[in-house]
Number of protein chains: 2
Amino acid sequence: MSVASTCTSTRQAPKQNGIIDKLRSAIVQGKLKPGDRLPVRTELEIQHNASRVTVQKALDELIRDGFVVSKGKLGTFIADTPPCLNHYGLILPFSPTHPRWTGYYDALMLSLHELNESLQDQIHVYQGINRVTDENFPSLCDDVYARRLAGLLFAEGPIELTHTPLIREQVIPMVASMSGNHHPGLEHMVSCGFDLSSGLDLACKILRQHDVQRMAVIMISTAREPFSKFMEPIMNANGFAYNPVFCQSAPMEHREEAACIAQLLMSLPKEQRPDGLYISDDNLVPAVCRGLIKTGVKVGVELHLVAHRNYPSQANHILPMHDVIFDIRQMLSICLKRLEAKRMGDDSMKPVKIKAIRDSEIKEIKQKVDSLGF
Amino acid sequence: MSVASTCTSTRQAPKQNGIIDKLRSAIVQGKLKPGDRLPVRTELEIQHNASRVTVQKALDELIRDGFVVSKGKLGTFIADTPPCLNHYGLILPFSPTHPRWTGYYDALMLSLHELNESLQDQIHVYQGINRVTDENFPSLCDDVYARRLAGLLFAEGPIELTHTPLIREQVIPMVASMSGNHHPGLEHMVSCGFDLSSGLDLACKILRQHDVQRMAVIMISTAREPFSKFMEPIMNANGFAYNPVFCQSAPMEHREEAACIAQLLMSLPKEQRPDGLYISDDNLVPAVCRGLIKTGVKVGVELHLVAHRNYPSQANHILPMHDVIFDIRQMLSICLKRLEAKRMGDDSMKPVKIKAIRDSEIKEIKQKVDSLGF
DNA sequence: TGGGATTTGTCCGTATGTATA
DNA sequence: CTATACATACGGACAAATCCC
């Protein structure tokens, strides 16, 4: 949080960096464990054939980065929580003021708040890292290559960064949460995603319970392709006809367009227009509500609403509606578990598809975190 | 943005810190100006009666903090934009996930984005600093005492920090934006605030234009006291009767309560209930809308709405309403100007009360920034 | 195009100060 | 009180970069 930047010097300082690298690698690889005592200065001087100042400068940097702590007369020790073992990075592609910031990121930050209380502040958020030219990208790289992080968790597949050394080299474990399309070069990072079809299925079931006859869906434009695969079969399986006209979308950058679409949908003759609507992205809810209010349709009577919601976020609905919930905390936990496993050399974990739940099925985070071994 | 923390060593290092302090003070006081060349190392050694390494370590820290840059054979120079002259801190009392985060902070961040493009990224945001125990407070103090900041701008009067050394000592210029109550010990910091009475006045005028007969106001609970001073006279001056029953509030922590209040207000018999409503805080708009929608009142016909809005924020209204705008960019500019003046030793600037404007009166930031000399 | 001059930055070996078990 | 280990400091040497002639 400090203003200071960790600028690596322009020169190389081979000896100093040699010592730093050697000790740091030993910590990263587990040869030196938290609490272990380092040799005394004179011993390190001999081991590395270096002088007092050089050894000390190397240790200074390791101390600054939190790898070791010195305890006066007791000696110098590996820190209890060296960053390379305990400090994860969560990468969000945008910052909160960016037009493409979404409710999903809000939910992630909220989950983090809850998790961090049980996890001793181990997750650092990097906002606005989407492409190489983004302001914070260099500092992320710095932190990764200086091993100040135990792993990276991308809130979205870092598509624009696929061909950067950061992603190609994977010097530290990295996972990404991706629900939608597959992207070449990122497959090995995908560890978690939401099962969009389960959300649609749950929405169908809720609307069925309210005797809906004609169901419509409004989604984010980029979701249309993944949806196209399961849309018709799932709707049919739940007894709904699949009507392409009732399946509309708005782009994330212009979510307000969803208002017009909602209005248009409800402008059809009463016996033809939908009497059930699934808003498959929480970011579209305000706009859709705005549109529906203008039409004067009686929501809850003439039209039943179901909306996607990312769990820890508040459902601040203007109109009465049911929730189809994706639990972001669950996603975070799975990703962290996978990162931990990867760090231990286990890369066998299969990507998990998280299913949508109703609000009655939300579990407390405390149990969940405990059951995952945090 | 880096993970690394700027931990000052546990020991004192008198010589090294002596050199750092001397050079840094010279920069802060303007004895050394950006672009000036420092004496060569040997000269510094002689001046401070210190050895090579000591001088170099001192310079290393100044380089890390951005006070000086070294250009190889050309020598070592004062940085073009040393932090103590160019790097301001904006302090927000909460973080975006805190229940007391408000739309005002959103607007501030948006203004900053605009400003930073013309100002070369000189403003750093410290989130979640409200009281001494807050996580980021120590790093803020660090940055202030290491003179890594040219000044502080508090988004709200730092009431909980009044008796901390940070506020009492004022080692760097500090200003605060406060619209409401005065707080002892902070008077000298107040430099800017919004003229709440002008907002009410403008709201009255807009509602008058729509032939409103009975005007109601919903505000944030803490605003009731400042409002009480001008409420009646301003409403009377605009031809409205002042009815305490039509003047309600909801606390920021429970803004959703405003929905019930709005419902209750509109439950009165049609000829008695208000036909004009001023929502004097943007954070209450969603809740009030939710409440009004439930009542089925025809907004724009049976009830005219006017709502407060912080300018660069999007007006994402669900219901048709007019805006009473406070321009946050203007506030930011004034505060920065005042900080600059304070730094130059001019503490004579009187606090400015910014008046509310209509959307037609919004000016482009470009002109405004230019006219302020940035 | 190249080589000397200058300045920065790293490193060595040693010495001293300081906190503490 | 003493021994130990960390931390700062000294002066000299030298490598690396680069401007200037």
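So, how was this worked out
Residues numbered from 1 in each chain as written. Chains lettered and ligands numbered in written order. Predicted model: local features only at pLDDT ≥ 70, side-chain atom pairs only at ≥ 80, totals over all residues. Heavy atoms only, no water. Helix = DSSP H or I, 4+ residues; strand = E, 2+ residues; numbered from the N terminus. Buried < 20%, exposed > 50% of the residue type's maximum accessible area, 1.4 Å probe, protein only. Contact = heavy atoms within 4.5 Å. Areas by Shrake-Rupley, 256 points an atom, 1.4 Å probe, with all protein chains shown as cover. Domains from an automatic or database assignment. Polar contact = N/O pair within 3.5 Å; in protein donor to acceptor, adjacent residues only side chain to side chain. Near = heavy atom within 4 Å. Nonpolar A, V, L, I, M, F, W, Y, C, P; charged D, E, K, R; others polar. Lys, Arg positive; Asp, Glu negative; His and termini not counted. Salt bridge = Lys/Arg side-chain N within 4 Å of Asp/Glu carboxyl O. Phe/Tyr/Trp six-rings, centres within 6.5 Å; stacked < 30°, edge-to-face > 60°. Lys NZ or Arg CZ within 6 Å of the ring centre and 35° of its normal. Pairing = 2+ DSSP bridges. Axes fitted to C-alpha atoms, helices over the stretch in contact; angles between N-to-C directions. Core = buried A, V, L, I, M, F, W, Y, C linked by side-chain atoms within 4.5 Å. Disulfide = S-S within 2.5 Å.

A tally of regular secondary structure across chain A gives 13 helices and 13 strands. With the C-alpha coordinates of chain A rotated into their principal frame, the extents come out at 90 × 40 × 35 Å. The buried share among the 374 residues of chain A stands at 53%. Relative to all contacts within chain A whose residues are 6 or more apart in sequence, the contacts with residues 24 or more apart total 69%. Here chain A displays about 17,100 Å² of accessible surface, and carbon together with sulfur accounts for 52% of that area.

By the assigned domains, chain A splits into domain 1 (4–82), domain 2 (85–194 + 329–354) and domain 3 (196–327). Relative placement of domain 1 of chain A and domain 3 of chain A: their C-alpha centres are 57 Å apart.

Turning next to the side chain of S177(A). All names here are of chain A. Here S177 is to be found in strand 6 (residues 174–177). Owing to a relative accessible area of 5%, S177 belongs among the buried residues under this scheme. Within the structure, the side chain of S177 is placed 3.4 Å from the side chain of Y104, a separation counted as a polar contact. With residues near it in sequence (within four places) discarded, S177 still touches Y104, F154, A155, E156, G157, C192 and M331.

Turning our eyes to something else, we now look at the protein's contact with DNA strand C. Taken together, 27 residues are adjacent to DNA strand C, and K15(A), S51(A), T54(A), R41(B) and S70(B) come closest. Atoms of DNA strand C within 4 Å of the protein belong to the sugar or the phosphate in 66% of instances, the rest to bases. One of the backbone N or O atoms of K15(A) is found 2.7 Å from a phosphate oxygen in DNA strand C. A distance of 3.3 Å is found between a phosphate oxygen of DNA strand C and a backbone nitrogen or oxygen belonging to Q16(A). Among the elements of the structure, helix 1 (14–28) and helix 3 (52–64) of chain A together with helix 3 (52–64) of chain B are those that each provide at least two residues to the surface near DNA strand C. Grouping the constituent residues of the surface near DNA strand C by class yields seven nonpolar, 10 polar and 10 charged.

So, on to the protein's contact with DNA strand D. Lining the immediate environment of DNA strand D, one finds 25 residues, of which R41(A), S70(A), K15(B), S51(B) and T54(B) sit closest. Counted by atom, the contact set of DNA strand D within 4 Å of the protein is 73% sugar and phosphate. Every element with two or more residues in the surface near DNA strand D is listed here: helix 3 of chain A together with helix 1 (14–28) and helix 3 of chain B. When grouped by side-chain class, the residues that make up the surface near DNA strand D number six nonpolar, 10 polar and nine charged.

With respect to the secondary-structure elements, R290(A) resides in helix 11 (residues 285–295). Among buried Asp, Glu, Lys and Arg side chains, R290(A) stands out as unpaired, with E256(A) the closest opposite charge at 6.1 Å.

What follows concerns the packing of aromatic side chains. For any pair of aromatic rings, the description consists of the separation of the ring centres together with the inter-plane angle of the planes. Taken as a whole and assessed by the stated rule, the structure comprises eight aromatic pairs over all chains. Ring geometry for W101(B) against Y105(B): centres 5.1 Å apart, planes inclined by 55°, an arrangement best described as tilted. Residue classification places W101(B) among the buried residues on the basis of a relative accessible area of 9%. Each ring, one from Y104(B) and one from Y105(B), has its centre 5.5 Å from the other, and the planes form 45°; the classification is tilted. Of the two residues examined, Y104(B) and Y105(B), each falls in the buried class. A connected cluster of aromatic rings, assembled from ring pairs, spans W101(A), Y104(A) and Y105(A). The side chain of K71(B) reaches across the aromatic face of F77(B), ending 5.2 Å from its centre.

Right, let's get into the environment of P93(B). Residues and elements named next belong to chain B. The topology assignment puts P93 in the loop between strand 3 (88–91) and helix 5 (103–119). Separated by 168 residues in sequence, P93 and I261 have C-alpha atoms that sit 28 Å apart. Ignoring sequence-local partners within four residues, the contact set of P93 consists of Y105, G128, I129, N130, A155 and E156.

All names here are of chain A. You can see Y311 is positioned in the loop between strand 11 (304–310) and strand 12 (322–326). Overall, Y311 belongs to the buried group, its relative accessible area being 18%. Between the C-alpha atoms of Y311 and D327, which are 16 residues apart in sequence, the distance is 4.7 Å. Leaving out residues up to four positions away in the same chain, Y311 has contacts with I325, F326, D327, I328, R329 and I362.

What follows deals with the sheet that holds strand 7 (residues 190–194) of chain A. All names here are of chain A. The strand order 4-3-5-6-7-13 describes an open sheet built from six strands, whose pairing is parallel. With one partner strand each, in any of the chains shown, strand 4 (123–126) and strand 13 (352–354) form the two edges of the open sheet. On average, each strand axis in the sheet is tilted by 20° relative to the strand beside it, whichever way the strands run. Where strand 6 meets strand 7, two bridges bridge the pair, whose relative direction is parallel. Each bridged residue has a counterpart across the sheet, and for A176 the counterpart in strand 7 is V190. Along the sheet face, helix 6 (residues 137–145) touches strand 3 (88–91), strand 4 and strand 5 (151–154) and points at about 150° away from the line of strand 4. The sheet contacts of helix 12 (residues 328–343) involve strand 3, strand 4, strand 5, strand 6, strand 7 and strand 13, and relative to strand 7 the element is tilted by about 170°.

Of note in this structure, Q170(B) is not a glycine but carries a positive phi near 50°. Mapped onto the elements, Q170(B) comes out in the loop between helix 7 (165–169) and strand 6 (174–177).

Our next topic: the nonpolar core. In terms of nonpolar packing, the biggest core is built from 56 residues, with L277(A), L292(A), L277(B) and L292(B) touching the most fellow members. Those residues in contact with L277(B) that sit more than four places away from it in its chain are L207(B), A216(B), V217(B), I218(B), L265(B), V288(B), L292(B), L303(B), H304(B), L305(B) and V306(B). Membership of the second largest hydrophobic core comes to 53 residues, among which are Y105(B), L108(B), M231(B) and C335(B).

Let's shift gears to the state of the cysteines. Here the structure, examined in full by the defined rule, presents zero disulfides over all chains. C247(B) forms no disulfide, and the closest cysteine sulfur to it belongs to C204(B), at a distance of 11 Å.

Bringing the pattern of salt bridges into the picture now. Scanning the model with the defined rule gives 33 salt bridges over all chains in all. Taking the shortest distance from any N to any O, the salt bridge between K229(B) and E225(B) comes out at 3.8 Å. With K229(B) and E225(B) both in helix 9 (residues 224–237) and four residues apart, the pair spans about one turn of that helix. For E225(B), a relative accessible area of 41% corresponds to the partly exposed category. Because the salt bridges share partners, they merge into one network encompassing D65(A), D143(A) and R148(A).

With that settled, consider the sheet that holds strand 13 (residues 352–354) of chain B. All names here are of chain B. With respect to topology, six strands assemble into an open sheet ordered 4-3-5-6-7-13, the strand pairing being parallel. The sheet is open, and its two borders are formed by strand 4 (123–126) and strand 13, each paired with just one other strand. Averaged over neighbouring strand pairs, the angle between their axes works out to 20° when direction is ignored. Two strands pair when backbone bridges link them, and strand 7 (residues 190–194) and strand 13 are joined in this way by three bridges, in the parallel orientation. The residue bridging C192 from the neighbouring strand is V352, located in strand 13. In this fold helix 5 packs onto strand 3, strand 4, strand 6 and strand 7, with an angle of close to 160° to the strand it touches most, strand 4. Across the sheet, helix 6 (residues 137–145) lies against strand 3, strand 4 and strand 5 (151–154), angled at about 150° from strand 4, the strand it touches most.

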